[in-house]
Amino acid sequence: MSANLTIATPESVGSWLPLFTAYLAFYRVSQPPEACLEYLGERLRRRQAVAFLASVGNRPQGFALMYAGFSSLTLQPCWMLHDLFVAPEARSLGIGAQLIARCQQYARDLGGGQIMLQTAHDNLRAQQLYERLGFVQDQDFHVYYWSSDAS
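Residues numbered from 1 in each chain as written. Predicted model: local features only at pLDDT ≥ 70, side-chain atom pairs only at ≥ 80, totals over all residues. Heavy atoms only, no water.

Novice: So what exactly am I meant to see when it comes to the packing of aromatic side chains here?
Specialist: Any pair of aromatic rings gets described here by the distance separating the centres and the angle formed by the planes. Enumeration over the complete set of coordinates arrives at 11 aromatic pairs. Geometrically, the ring pair formed by Phe20 and Tyr23 is tilted, given 6.2 Å between the ring centres and 35° between the ring planes. One end of the pair, Phe20, and the other, Tyr23, are both in helix H1 (residues 13–26), three residues apart, so they sit about a helical turn from each other. No difference in accessibility class separates Phe20 from Tyr23, as the two residues are buried. Ring geometry for Tyr23 against Phe63: centres 5.9 Å apart, planes inclined by 80°, an arrangement best described as edge-to-face. Taken together, the residues span a long stretch of sequence, with Tyr23 in helix H1 and Phe63 in strand S3 (residues 59–71) at a distance of 40 residues. (Phe/Tyr/Trp six-rings, centres within 6.5 Å; stacked < 30°, edge-to-face > 60°. Helix = DSSP H or I, 4+ residues; strand = E, 2+ residues; numbered from the N terminus. Buried < 20%, exposed > 50% of the residue type's maximum accessible area, 1.4 Å probe, protein only.)

Novice: Which parts of the structure should I look at to understand helix H4 (residues 124–132)?
Specialist: An α-helix turns once per 3.6 residues; consequently, residues spaced three or four apart project the same way. Every buried residue of H4 is listed here: Ala126, Leu129 and Tyr130. All buried residues of H4 fall inside an arc of 95° around its axis, so they share one side. Exposed and facing more than 90 degrees away from the buried side of H4 are Leu124, Arg125, Gln128 and Arg132. Residues of H4 that are buried in the fold lie against strand S4 (76–86), helix H3 (95–109) and strand S5 (114–117). Gly134 sits one or two positions beyond H4 and adopts a positive phi of about 100°. (Arc of directions from axis to C-beta. Contact = heavy atoms within 4.5 Å.)

Right, dumping it as structure tokens:
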């Protein structure tokens, strides 16, 4: 089944906010919906992110959220596909693959580069999808995090 894919606007965030909070819940993260609404709207307003929505009928069923960056190693744009979520009832309709393909086309349209993504070690279904769509697990670099919230 083909979903209708659109680019999210700051004004549309409220329509897909339930999907975003479900995504956070999947990763056992809780944020106030009002804070999520403000955060996402601000990222889109400032053009710091692009989000694609997948709708079946007029109901949002999935989203992909990418942040723009650059790679000094390749001298090209580098996109972080940070958030990808499909409503449980819409899984196995091909919506995740459609959203990723749209992200890939968007990157090509803006001059190419790379798309990076991360997923949980136990999210095997997502890993299979990513590999089927041409993503390769990094064998060269370890990923480290630092947080200003850490004590």
